[in-house]
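# Observations on the model geometry
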Amino acid sequence: AVVSTQSTGAAILPISNMMKQRSSRINICFATSLFLACILFLLQNILVAGIDGKGVIELGSKGCIAYAAVQHYSWLVVFAWMCIEGTVMYLSLVQVFGSHISKYMIKFNLIAWGVPMIFPVVGFLMSTTTATVGSGESVISTKDNTYVADLMCFINPGKLAYWVTFFVPMVLVMLINLTFFIMVLKVIRGSKSADNKADVMKQLKAAVGVMVLLGTGWIVGILLTLQTPELQLTLQYIFIILNAIQGVFVFLFYVCLNEQVMNHWLIKFGLKTVVNSTS
């Protein structure tokens, strides 16, 4: 995932014409957020001290809480860009007219990078409880916090804060994108170009591709909350595989299946010649 998201940025950023397009800019932001979230997840095995005692961050420490909050935030940023990607897909393929948004990148970045900051703070406060022991002058107040999981520096999946500040936003994004996907399919089915198989396949490829990118693995993640031990192991393997190759899907969809990007690099490396039309 890390290598694929890096490759996606390296393939698109040098193409000035593509970077003027709204979809390309959003694709880069989505790939960047996914790259950062994956890096933080991978670094946890190095930075956090596990059973072997190796690592600079102790489990349950303030550093662990901070790292969990950063990871919590980073994945919510990914969800935010997933939602924006789905919204742009809807505007581009369904609401063609009136889909212009002034200063859209400023607004999208403020939403995607700004709004998720609230949730780790709320999650931490929800997980903090104060207990008072004694009476009179000998009263002692102690604080307990269950924000972090026992075996890793991530939000505790067994607590209310997880459901409110992580699970609910994830499900909302999935539902929004699923709704957009259904609406896009209806438009494709009833469009005037329905008889043109090439146009239909192009639109369908875009819709299905975005849906694959924007939540297939996390839909399985939702199923992991079901208390069915006989399915847990299978679902965990599917979840890990799908999210591990999400970056690969990003590269395939945004680079390999993008005719403009492929033509640019084929011409760049002399594998394809430019055909100049003459009037």
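Rules used throughout
Residues numbered from 1 in each chain as written. Predicted model: local features only at pLDDT ≥ 70, side-chain atom pairs only at ≥ 80, totals over all residues. Heavy atoms only, no water. Helix = DSSP H or I, 4+ residues; strand = E, 2+ residues; numbered from the N terminus. Buried < 20%, exposed > 50% of the residue type's maximum accessible area, 1.4 Å probe, protein only. Contact = heavy atoms within 4.5 Å. Areas by Shrake-Rupley, 256 points an atom, 1.4 Å probe, with all protein chains shown as cover. Axes fitted to C-alpha atoms, helices over the stretch in contact; angles between N-to-C directions. Parallel < 35°, antiparallel > 145°, perpendicular 65-115°, else oblique. Left-handed = near helix turned anticlockwise from the far one by under 90°. Nonpolar A, V, L, I, M, F, W, Y, C, P; charged D, E, K, R; others polar. Phe/Tyr/Trp six-rings, centres within 6.5 Å; stacked < 30°, edge-to-face > 60°. Patch = residues over 30% accessible without salt bridge, like charges linked within 9 Å, V, L, I, M, F, W, Y side chains within 5 Å. Salt bridge = Lys/Arg side-chain N within 4 Å of Asp/Glu carboxyl O. Core = buried A, V, L, I, M, F, W, Y, C linked by side-chain atoms within 4.5 Å. Disulfide = S-S within 2.5 Å. Polar contact = N/O pair within 3.5 Å; in protein donor to acceptor, adjacent residues only side chain to side chain. pLDDT = per-residue confidence, 0-100.

## As for the overall build of the protein
Counting its regular elements, the protein contains 12 helices and four strands. The 279 residues of the protein split such that 37% are buried. The long-range fraction of contacts in the protein, counting pairs at least 24 apart against all pairs at least 6 apart in sequence, stands at 69%. Of the roughly 16,300 Å² that the protein leaves accessible, carbon and sulfur atoms contribute 68%.

## Points about the packing of helix 3 (residues 22-47) against helix 5 (residues 104-114)
Where helix 3 contacts helix 5, the two axes come as close as 11 Å, and the packing angle between them is 20 degrees. In terms of axis orientation, helix 3 runs roughly parallel to helix 5. In the crossing of helix 3 with helix 5, the sense of the turn from one axis to the other is right-handed. When helix 3 is examined against helix 5, the residues R22, R25, I26, C29, S33 and L36 are found in contact with a partner set consisting of Y104, M105, F108, N109 and W113. Residue composition of the contact of helix 3 with helix 5, by class: seven nonpolar, two polar and two charged.

## Quick look at the packing of aromatic side chains
Counted by the stated rule, this structure contains six aromatic pairs. With a centroid separation of 5.5 Å and 80 degrees between ring planes, the pair formed by Y162 and W163 is classed as edge-to-face. Accessibility expressed as a relative area gives 33% for W163, which makes it partly exposed. Aromatic rings pair up to connect F79, F154, Y162, W163, F166 and F167 into one cluster.

## Some remarks on a nonpolar patch on the surface
A cluster of nonpolar residues, I111, V115, I118, V122, M126, L160, W163 and V164, forms a patch on the protein surface that exposes about 670 Å² of accessible area. Checked against the element boundaries, I118 lands in helix 6 (residues 118-126).

## Details of the nonpolar core
Ranked by size, the top nonpolar core spans 40 residues in total, and within it W75 and W81 carry the most contacts. Those elements that provide at least two residues to this core are helix 3, helix 4 (62-93), helix 5 and helix 7 (160-190). A per-element tally of this core places helix 4 first, with 15 residues. M89, Y90, F180 and I188 belong to the second largest nonpolar core, which has six residues in total.

## Digging into the state of the cysteines
Each disulfide consists of a covalent bond between the sulfur atoms of two cysteine residues. The tally for this structure, following the rule as stated, stands at one disulfide. Here C64 connects covalently by a disulfide to C153, the sulfurs 2.1 Å from one another. As the torsion about the S-S bond is roughly -120 degrees, the C64-C153 disulfide counts as left-handed. Here C64 is found in helix 4, whereas its partner C153 is found in the loop between strand 4 (140-145) and helix 7, with 89 residues between them in sequence. Side by side, C64 and C153 carry an identical accessibility label, which is buried.

## With respect to the environment of V122
Structurally, the position occupied by V122 is in helix 6. A sequence separation of 43 residues divides V122 from T165, and the C-alpha atoms of the two residues are 7.3 Å apart.

## Some remarks on the side chain of Q44
As for its position among the elements, Q44 is in helix 3. A polar contact of 2.7 Å, which involves the side chain of Q44, links it to the backbone nitrogen of C153.

## Here we look at the environment of C256
Mapped onto the elements, C256 comes out in helix 11 (residues 246-256). On the accessibility criterion, C256 (33% relative accessible area) is partly exposed. Those residues in contact with C256, other than ones at most four positions away along the chain, are F251 and M262.

## Describing the environment of F251
Structurally, F251 can be placed in helix 11. Take F251: its relative accessible area is 24%, and that puts it in the partly exposed class. With 220 residues separating them along the chain, F251 and A31 place their C-alpha atoms 8.9 Å apart.

## What about the confidence of the model for the protein?
Predicted confidence across the protein gives a mean pLDDT of 75, with 59% of residues reaching 70 or more. Helix 8 (residues 197-213) is the least confidently modelled element of the protein, averaging 61 in pLDDT, while helix 6 averages 94, the highest of any element.

## Considering the packing of helix 3 against helix 4
Where helix 3 meets helix 4, the closest approach of the two axes is 9 Å, and the angle between their N-to-C directions is 160 degrees. Overall, the two elements helix 3 and helix 4 adopt an arrangement that is roughly antiparallel. Of the two elements, helix 3 crosses helix 4, and the hand of that crossing is left-handed. A per-class count over the contact of helix 3 with helix 4 returns 20 nonpolar, six polar and two charged.

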